[in-house]
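Residues per chain, in single letters:
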Amino acid sequence: MTGPLVVLVGPMGVGKSTVGELLAERLGTGYRDTDADIVAAEGRTIADIFVDDGEDHFRALERAAVREAVTGHTGVLSLGGGAVLDPATRELLAGRPVVYLSMDVDEAVKRVGLNTARPLLAVNPRRQWRELMDARRSLYTEVARAVVATDGLFPEEVAEAVLDALELRLPAGDITPPPGQEKTV
Ligand code: S3P
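Definitions and limits used
- Residues numbered from 1 in each chain as written.
- Predicted model: local features only at pLDDT ≥ 70, side-chain atom pairs only at ≥ 80, totals over all residues.
- Heavy atoms only, no water.
- Helix = DSSP H or I, 4+ residues; strand = E, 2+ residues; numbered from the N terminus.
- Expected span 1.5 Å × (residues − 1).
- Bend = angle between axes of the 7 residues up to and from the residue.
- Buried < 20%, exposed > 50% of the residue type's maximum accessible area, 1.4 Å probe, protein only.
- Arc of directions from axis to C-beta.
- Contact = heavy atoms within 4.5 Å.
- Pairing = 2+ DSSP bridges.
- Axes fitted to C-alpha atoms, helices over the stretch in contact; angles between N-to-C directions.

1. A word on helix α7 (residues 125–143)
Phase 1: The first and last C-alpha atoms of α7 sit 25 Å apart over 19 residues, in line with the 27 Å expected at 1.5 Å per residue.
Phase 2: Taking the largest bend as the criterion, α7 deviates by roughly 45°, centred on R136.

2. Let's talk about helix α8 (residues 155–165)
Phase 1: For α8, every residue scored as buried is listed here: V158, A159, V162 and L163. All buried residues of α8 lie within an arc of 140° about the axis, which places them on one face of the element.
Phase 2: Its buried side turned inward, α8 meets β1 (6–9), α1 (16–27), β4 (98–102) and β5 (146–149).
Phase 3: Positive backbone phi, approximately 50°, marks E167, located one or two places after α8.

3. Focus: the sheet that holds β1
Phase 1: Read across the sheet, five strands follow the order β2-β3-β1-β4-β5 without closing on themselves; strand pairing throughout is parallel. Single-partner strands in this sheet number two, and they are β2 (31–33) and β5. Along the sheet, successive strands turn relative to each other by an average axial angle of 25°, direction set aside.
Phase 2: Bridge count between β1 and β4: three bridges; the pairing is parallel. Within the sheet, the bridge partner assigned to V7 lies in β4 and is V98.
Phase 3: Along the sheet, helix α2 (residues 34–42) contacts β2 and β3 (76–78); its crossing angle with β2, the most-contacted strand, is approximately 70°.

In structure tokens:
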């Protein structure tokens, strides 16, 4: 099955973009993010799409963006936090190297904060976040091959845990040292 080397799912603010970019660097591959694809294609922010056309319209754009990225991108891919709500998307993710980055509510409030550009958390973020997670936790788990709890970890540590979870590390012997740094026995 061709497609991304890693697909990151999980709630907004968990660090999918930061960790995804680190992973792409570590793996020497490209990084892609479906939110950014939608913003680029539409020429407006996600908040504007929600306000102007509503969440259903955004979800339709998201479904198409996810399909395109999952079938066309071969590097590291992050999906928007709500992408897994779509049954066709969940089906598309079956059997792929999907990692669910999780965090608890205190960590979420700390990271996303009260002053958020994310439309779904604009009012009462703590309660909204709990409600979102009650609806989505099982969907993230369902599509994921592995779960990485990010609470209290730096992005570099999360990236390491993802590499371990997907067994994406090259054995040390397979890495060709740069010229001049070969081991002399
Ligand atoms: C959403 C998450 C956001 C973005 C939109 C809706 C969600 O993406 O797609 O605001 O429903 O959880 P991030 O998870 O990248 O912030």
